[in-house]
Amino acid sequence: MHARRRALKSFAVAPLAGLAGWAASPAGAQGGAAGKPKKPEIGAEDAQRDLRILQRALAELHPGLTRYTTLAQIDADFAAATAAVASGSSRAQMVLLASQLAASLHCGHTWVSPYNQRADVVENVFNRADKLPLTLRWVEGRALITGSTDATVTAGSELLAIDGRPVAEIRDALLPLLRADGLHAGARLKRLAQLDSGPNGGAMDRLFPLRFPPQAGGYTLTLRERGSASPRTVNVSATTTAERDKTLPAASTAWRFAVTGDTGLLTLPTFAFWRSDFKPEAFLQQTFDALRGVPFLVIDQRDNEGGDDAIGRALLSHLLRAPLQLPGNRVESAYERVPYVLARYLDTWDFGFFDRTGQVRKGPGRNWLLPDRPGARMAPVAAPYAGRTVVLIGPQNSSAGFLLARDIQRSGAATLLGQPTGGNLRGLNGGQLCWINLPASGVGVDIPLVAAFAEGNPPDAGVLPEVAVAPRWADAVAGVDTEMQASLKLIAGWR
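Residues numbered from 1 in each chain as written. Predicted model: local features only at pLDDT ≥ 70, side-chain atom pairs only at ≥ 80, totals over all residues. Heavy atoms only, no water.

Caption draft 1: Representation of the sheet that holds strand 8 (residues 263-267) in the model. Here we have 6 strands laid out as an open sheet, ordered 7-8-9-16-17-21, and mixed in their pairing. Edge strands, defined here as strands with exactly one partner in the open sheet, are strand 7 (256-260) and strand 21 (467-468). As defined by bridge partners, strand 9 (residues 296-300) adjoins strand 16 (residues 388-393) across 5 bridges and the pair is classed as parallel. Bridge pairing links Asp-300 to Leu-392 in strand 16. Packed onto the sheet, helix 10 (residues 280-290) meets strand 7, strand 8 and strand 9 and runs at close to 0° relative to strand 7. (Pairing = 2+ DSSP bridges. Helix = DSSP H or I, 4+ residues; strand = E, 2+ residues; numbered from the N terminus. Contact = heavy atoms within 4.5 Å. Axes fitted to C-alpha atoms, helices over the stretch in contact; angles between N-to-C directions.)

Here it is in structure tokens:
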């Protein structure tokens, strides 16, 4: 066991009651020329029917529906959302409503994923020219501009406000729309991390322009340039993600390995390689062959949300010195067969998920029980790595990335350094997944179909590192990786 290095505030997502206050914001505006009412993009009856379908889908399909909330709270949230579209809605507003309804379950796999949207939602909502012409990283509650396509905005500047709204106000408005497992400190950090630009972030692209649309095709930014004490204001034009990415391409998710002196660095940004020819197990074998005689190793998985958890186990087998018993889980589903009235709105990669006849038995409560998943007994490879290892972890680790951090800590095979992870020691909802595309709006919502409940009574928590290190603003501005430098300092002490 280990103690927290510093106090972390608890975090709860605000209820949906506040939605009615911004239902008629520019994202869902109904005004027409000369103040005349304009026909809403989605009529009230259709918008409310979409919400009823979503509520029924969550109630009948989501196996972890009430892990961190109650049925009464869910009813209240949907009632508030229904009232918010009483005069009709836009697709953009429906994205915001669905995002907050999904986030209110505190489930990291329940969200409005940009990858599972109907084509008209992608084209008319997510691909609009309403994005900031810059990329961001949030550090110590401040917004650092990491790249810009506008000549008046310099990378390394601090973003203080957008259209007069302080960035803290924008952050607090978006956090209730973002996904995480549970209510622990790492879950709050997971939500904050989604405000960063990058493969697992992007909320400032997807949701910010819907919540706070550009005015006259642009934004007014208040900045503080590096080394300057005085803020300045600039006007920038909004853009599309595709146009911005021509100049500021997204961060690579490719695996990387290098050896410098006596230390190897293995960077693992993802375990998701669906429809890819990449062979992660072969890459790992080649890496650890190259590490023979190298005394120290840093594994950087801070950006690794998840994917195939078998890859994490393959990695761990190279670090183990002795067999490891992994924890088991009780596995539950919300249904035996998906109701037909819902199935026509659903999609997935394996339609066998929708019929569990003969595979489940009714549990004592709401759910059906799948066969328990006993913990695997892992053995080390024939020639495990003989050196000492540091693994960098953080809040993005919330699915298979979280499981690897949990199992490394359980094994003692490496020292974990960084920030608390996302995910949850109580278990995750995931492994099997579908998405529902609501008929009128087209908005898609991911819904996990299996829930794992951990043995015993673990706390609502992620994995806490043995060495707690968080990024520092001064380092980020200077281009210094706080956590990486801390890992190298730790290794220097080992020498």
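Right, picking up where we left off after that structure.
Caption draft 2: Quick look at the side chain of Thr-239. By secondary structure assignment, the location of Thr-239 is in the loop between strand 6 (232-237) and helix 9 (241-247). Look past the residues within four positions of Thr-239 in its chain and what remains in contact with it is Arg-128, Ala-129, Asp-130, Lys-131, Leu-132, Pro-133 and Arg-244.

Caption draft 3: Molecular detail of the packing of aromatic side chains. Taken as a whole and judged by the stated rule, the model has 12 aromatic pairs. Through pairs of rings, three or more aromatic residues link up here, namely Trp-255, Phe-271, Phe-273, Phe-278 and Phe-283. Across from the ring centre of Phe-453, 4.1 Å away, lies the NZ or CZ of Arg-67, which sits over that ring. Its end group placed over the ring of Trp-111, Arg-179 keeps NZ or CZ at 3.8 Å from the ring centre. (Phe/Tyr/Trp six-rings, centres within 6.5 Å; stacked < 30°, edge-to-face > 60°. Lys NZ or Arg CZ within 6 Å of the ring centre and 35° of its normal.)

Caption draft 4: Region of the structure containing the nonpolar core. Ranked by internal contacts, the top residues of the largest apolar core, which has 72 residues, are Leu-61, Met-204, Leu-221 and Ile-436. Broken down by element, this core gets its largest block of residues, 8 residues, from helix 3 (residues 91-103). With residues near it in sequence (within four places) discarded, Met-204 still touches Leu-132, Leu-136, Trp-138, Ile-162, Ile-170, Leu-174, Leu-195 and Pro-209. (Core = buried A, V, L, I, M, F, W, Y, C linked by side-chain atoms within 4.5 Å. Buried < 20%, exposed > 50% of the residue type's maximum accessible area, 1.4 Å probe, protein only.)

Caption draft 5: Geometry of the state of the cysteines. Applying the stated rule across the entire model yields 0 disulfides. The cysteine Cys-107 is free of any disulfide, with Cys-434 supplying the nearest cysteine sulfur at 12 Å. Taking the relative accessible area as the measure of exposure, Cys-107 reaches 0% and is therefore buried. Judged by its relative accessible area of 0%, Cys-434 is buried. (Disulfide = S-S within 2.5 Å.)

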